[in-house]
Amino acid sequence: MATDSWVNETLYAEWGQRFLVKRELARVKSDFQDIMVFESHTHGRVMLLDGVVQITEMDEFVYQEMITHVPLLAHGEAKRVLIIGAGDGGVLKRVLQHRTVEKAVMVEIDGEVIRLAKEFMPAIAGDAWTDPRAEVIVGDGIDYVRQAPAGSFDAVIVDSTDPIGVGEVLFTDEFYANSARLLSDRGLIVNQCGVPAMQAEELRETSLRRAKSFPDVWAYVAAVPTYVGGYMTLGWAAKDAALRHVGVEEIRRRAEVAGVLDTTGYWTPEIHAAAFHLPPYIARHLPRGHD
């Protein structure tokens, strides 16, 4: 083509990343957000929501493995899992890799994200959409957690956009209080908290909110290349502080039982344990007295 076509990410006003577009696959304005899917030269297919990179075929495994395997294996007996967001299906696929999971309910507000992921990035979710253990709901996660019966889930995974725009309501006191109520005795919730080098406020604010409803609040880290800025944090809130101190050998044993050992590209039992040891520049944004 005569002129190269680049996509610039719009997450930060003064800093970002850009991709040379090989081929644009879809551009849709849904009821909730602008969705774009394109083929890149370097990262396979890429999906942006409101101009912000959500997922690339090249490095999605890092984020999906860490937001899924860490909470499920830390818990050790999570049979019922609630997923909020995650419209591409990658978290659902990783949850269902655990043969110990009996039911996974996924609530995504934007059906267009699911439709476009199925059409243009089918490998992300694989067969997860048709797994008999999966229940996929196009609807409001806020309403769902409000109405879910007490103790009905063992783990909640929130894979949303940043707490601006459509994702903002997932970071309120009410949401975390409802999450605590719908979780069983040793239940826990994890959610993405951004890249603290640039989004430390996000980690600080959401940690304080979680601490109102959960006794154990912390974060753990993963390095996802296309979430630029170094480590990204995954927020952690659990009813039982012991869950994030499970030793490497026990995590390995659980992963073997679950059937996820040696299936990963990033997660390992050692990385699982190490991810909770935070660099001071990140740890200082967490509520004091929690570690």
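Residues numbered from 1 in each chain as written. Predicted model: local features only at pLDDT ≥ 70, side-chain atom pairs only at ≥ 80, totals over all residues. Heavy atoms only, no water.

Chemist: Is there a simple way to think about the sheet that holds strand β10 (residues 183-192) in this case?
Modeler: Across a sheet, paired strands are connected by hydrogen bonds in the backbone, their directions being either parallel or antiparallel. Strand order in the open sheet formed by seven strands is β8-β7-β6-β9-β10-β12-β11, and the pairing between neighbours is mixed. Whereas interior strands pair on both sides, the edge strands pair on one side only; in this sheet they are β8 (134-138) and β11 (216-222). Taking the axes of each pair of neighbouring strands and ignoring which way they run, one obtains an average angle of 15° across the sheet. Bridging between β10 and strand β12 (residues 232-238) involves five bridges; their strand directions are antiparallel. Bridge pairing in β12 links Asn 191 to Gly 235. Each of β10, β11 and β12 touches helix α7 (residues 196-211); the most contacted strand, β12, lies at about 5° to it. (Pairing = 2+ DSSP bridges. Helix = DSSP H or I, 4+ residues; strand = E, 2+ residues; numbered from the N terminus. Axes fitted to C-alpha atoms, helices over the stretch in contact; angles between N-to-C directions. Contact = heavy atoms within 4.5 Å.)

Chemist: Explanation requested: the nonpolar core in the structure shown.
Modeler: Across soluble globular proteins, nonpolar side chains show a tendency to be buried alongside one another. Grouped together as the largest cluster of nonpolar side chains are 56 residues, with contacts concentrated most on Met 66, Ile 83, Leu 92, Val 95, Tyr 220, Trp 236 and Trp 267. Per element, the largest residue contribution to this core is eight residues, and it comes from helix α1 (residues 60-75). When neighbours within four sequence positions are excluded, Ile 83 is seen to be in contact with Val 91, Leu 92, Val 95, Val 105, Met 106, Val 107 and Ile 157. Residues Val 145, Phe 153, Phe 214 and Val 217 belong to the second largest nonpolar core, which totals 19 residues. (Core = buried A, V, L, I, M, F, W, Y, C linked by side-chain atoms within 4.5 Å. Buried < 20%, exposed > 50% of the residue type's maximum accessible area, 1.4 Å probe, protein only.)

Chemist: Is there a simple way to think about the environment of Ile 282 in this case?
Modeler: Position of Ile 282 among the secondary structure elements: in helix α10 (residues 280-283). It is 8.0 Å that separates the C-alpha atoms of Ile 282 and Ala 197, two residues lying 85 residues apart in sequence.

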